[in-house]
Amino acid sequence: MQQCTTDEKRRNGCRKLLILSVMGALCVVSFLISVGKGSLDISAVQVFKAIFLEDNTLNHQIIWNVRLPRTLTAGLVGICLSLSGAILQGVLRNPLAAPNIIGVSAGAGFMAYLVLIIFPDLYYLVPAAAFGGALIATMMIYLLAWRQGAHPMRLVLAGVAISALLGAGINALMIFYPDRLAGIVGFMVGGLSGRTWPHFHLLWPYAALGIFIALLLPQKLNILLLGDEVANGLGLHVERMRIIFIALASLLAASAVSVVGLLGFVGLIVPHTARLIIGPDYRYLFPATAMLGATMVILCDTVARLLFDPVEIPAGIIMAILGGPFFLYLLRERGIR
Amino acid sequence: MVLSARNVCLGYGQKSVVKDLNIRIHRGEIVTFVGPNGSGKTTILKSLSRYLKPQKGQIYLEDKDIFKLDTKYVARKIAVLPQVKSASGDLSVRNLIEYGRYPHLNFGQRMNEDDHRIVDWALDKTGMGELSDRQLASLSGGERQRAWIAMALAQKPEILLLDEPTTFLDVSYQLEVLQLVKELNATLGLTIVMVLHDLNHAARYSHRMVAIKDGEVHSTGEPKKLLTGEFLRAVFRIEADLCQDETNACPYFIPQKVIG
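Keep in mind it's a predicted model, so treat the numbers as computed, not measured.

### Quick word on the environment of Leu328 of chain A
All names here are of chain A. Mapped onto the elements, Leu328 comes out in helix α14 (residues 315–334). Judged by C-beta crowding, with 11 C-beta atoms within 10 Å, Leu328 ranks as exposed. Expressed as a C-alpha distance, the spacing of Leu328 and Ile269, which sit 59 residues apart in the sequence, is 9.9 Å.

So this is what it looks like as structure tokens:
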């Protein structure tokens, strides 16, 4: 009996590690596809050579200057947004939670608008403004929800309220300055068109910090999910961990949004999909979510680039078109409990 | 004396629920809080579990102020099963019970053989061994409650705090859970502090009952001394016929009518 349960455990762990490896492989494949495909197709071997061995060839130029930074940015953005969603769905105990619920989208959107419309000359400050806007909106929501602790339900309600308020601000700006909307639409839909090294460099320090912290804390999120009282009974500092997780989710999402705009759907469906595949244990769910998120954004961006080549569609649209039905299929097949 | 409250006032925000509470819990006892709805039983349990900070007064674990102790240290001494708990339905029983080892692990430390053995032991003690790989959503109410108790056991606590462990269970599961509690007390020497609504259960399964009324300790004592007609009239406003349960050597009563 003892032996049997140990075997059971080991088999279960093995299965999950296998799933994770498959996801890792998918991640690599999507990377190769994304970097290889375009107006000039480059094979996987050539991609490898171009990145590590050659310089000054045409392949090297294309990959190094155009495709690689864009693909890397897409991957990192995917990781950030989906991890952020996974954290929020846990902390807020709400399956519909996504970065927009803690004001990240509205805050970032409002500030980006403000800069683009009122100070169009300062367009290069958009990422910084969006980043700041997202963090400030989260902070406002947290403070509003605080009453001897920030109860998840109050957080969600405060989030909805603040987002509505900022949304009204966005609409007002749009109505007052209808002539300056051109630059804005891309930001609202979210996409990776023209993203290159400077964007990547803007993103990676925050992303790396956020991902590193997130991967340290999955067990604490598991415990927090058992309910405040149980978590407290197990020795977790409930309020302290909640604020850390929310700040972390905000940081991750804000850094992504500041670079690619409001790419909304990833944070909602990737964590659910990962959970259906690998189960609710965050120790496996975090890495699974991160890899799946990267794969998904990379692939969607590739499709967005290639579908109507040379015209690009924003990746956000592809994401919604492909992701929605796929998610519904998973729901029907596997069921969410 | 393993757990005690001294001059404790409890409340939420401005609202005061419990006034000047003094309670002493001794090692190895089963103590049950009884009292009408809204009398403050659950609130008291929340403060004993270090969840709700008193507005005044102190809670002592052994002889130290519980709010000055490290949370994980407290969690190794006291396990809590509140009324409100949540776990996603797709979590496996074993997974849930493994969380009970959390207070024994340092940051980032993985479970070792000993921890796994303790989880197996908790499964065995609660009769959940066969169900260890089942998902929580597929369990009956009684099985789920046993899974939570197993998680608390995996904490290897000295004290177990249970808030209405039998609510929402049918009568056979109620007995099952209370039998388990009694057995854990008898075989492991666990100190049990619980809130029960069913006075007959409280009388049968506790060494000592503490009656709470309007946020104050009304009376306390052994069930056979405490459970009198006078007591039921004063605390619960009911007339009842009192009888003796010979099999279990404890009093029980049949409620007859409410005093207007």
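### Re the interface of chain B and chain A
Between chain B and chain A, the residue contacts involve 28 residues of the former and 24 residues of the latter. Among the elements of the structure, α2 (71–77), β6 (78–81) and α3 (93–99) of chain B are those that each provide at least two residues to the side of chain B that touches chain A. The greatest single-element share of the side of chain B that touches chain A, amounting to 4 residues, is contributed by α2 of chain B. Classifying every residue of the side of chain B that touches chain A gives 13 nonpolar, 9 polar and 6 charged.

### Some points on helix α3 (residues 58–91) of chain A
Residues and elements named next belong to chain A. Here α3 contains 34 residues, and its C-alpha end-to-end distance of 48 Å stays within 8% of the 50 Å for a straight helix at 1.5 Å per residue. Maximum bend of α3: about 45°, positioned at Arg67, with proline Pro69 one to four residues after it. In terms of burial, α3 is largely enclosed, as 25 of its 34 residues are buried.

### Let's talk about the pairing of strand β10 (residues 216–221) of chain B
Residues and elements named next belong to chain B. For strand β9 (residues 208–213) and β10, the ladder comprises 5 bridges, and the chain directions are antiparallel. When the bridges of β10 are listed, Val210 appears paired with Thr220. As consecutive antiparallel partners, β9 and β10 are separated by 2 residues, and within that stretch Asp214 has a phi angle of approximately 50°, a positive value.

### Some details on the pairing of strand β7 (residues 159–163) of chain B
Residue and element names in this part refer to chain B. Most of β7 is tucked away: 5 of the 5 residues are buried. Pairing analysis gives 4 bridges linking β6 to β7, with the strands arranged parallel. Looking at β7, one finds that Ile78 is bridged to Ile159. Pairing of β7 with strand β8 (residues 191–195), which is carried by 5 bridges, proceeds in the parallel orientation. Residue pairing in the sheet places Ile159 in a bridge with Thr191 of β8. Tracing the backbone out of β7, into helix α6 (residues 171–188) and back to the parallel element β8 gives a crossover that is right-handed.

Cut-off values and rules
- Residues numbered from 1 in each chain as written.
- Chains lettered and ligands numbered in written order.
- Predicted model: local features only at pLDDT ≥ 70, side-chain atom pairs only at ≥ 80, totals over all residues.
- Helix = DSSP H or I, 4+ residues; strand = E, 2+ residues; numbered from the N terminus.
- Buried ≥ 20, exposed ≤ 12 C-beta atoms within 10 Å, placed from the backbone.
- Contact = placed C-beta atoms within 7 Å.
- Nonpolar A, V, L, I, M, F, W, Y, C, P; charged D, E, K, R; others polar.
- Expected span 1.5 Å × (residues − 1).
- Bend = angle between axes of the 7 residues up to and from the residue.
- Pairing = 2+ DSSP bridges.
- Right-handed = clockwise from strand over helix to strand, strands pointing away.

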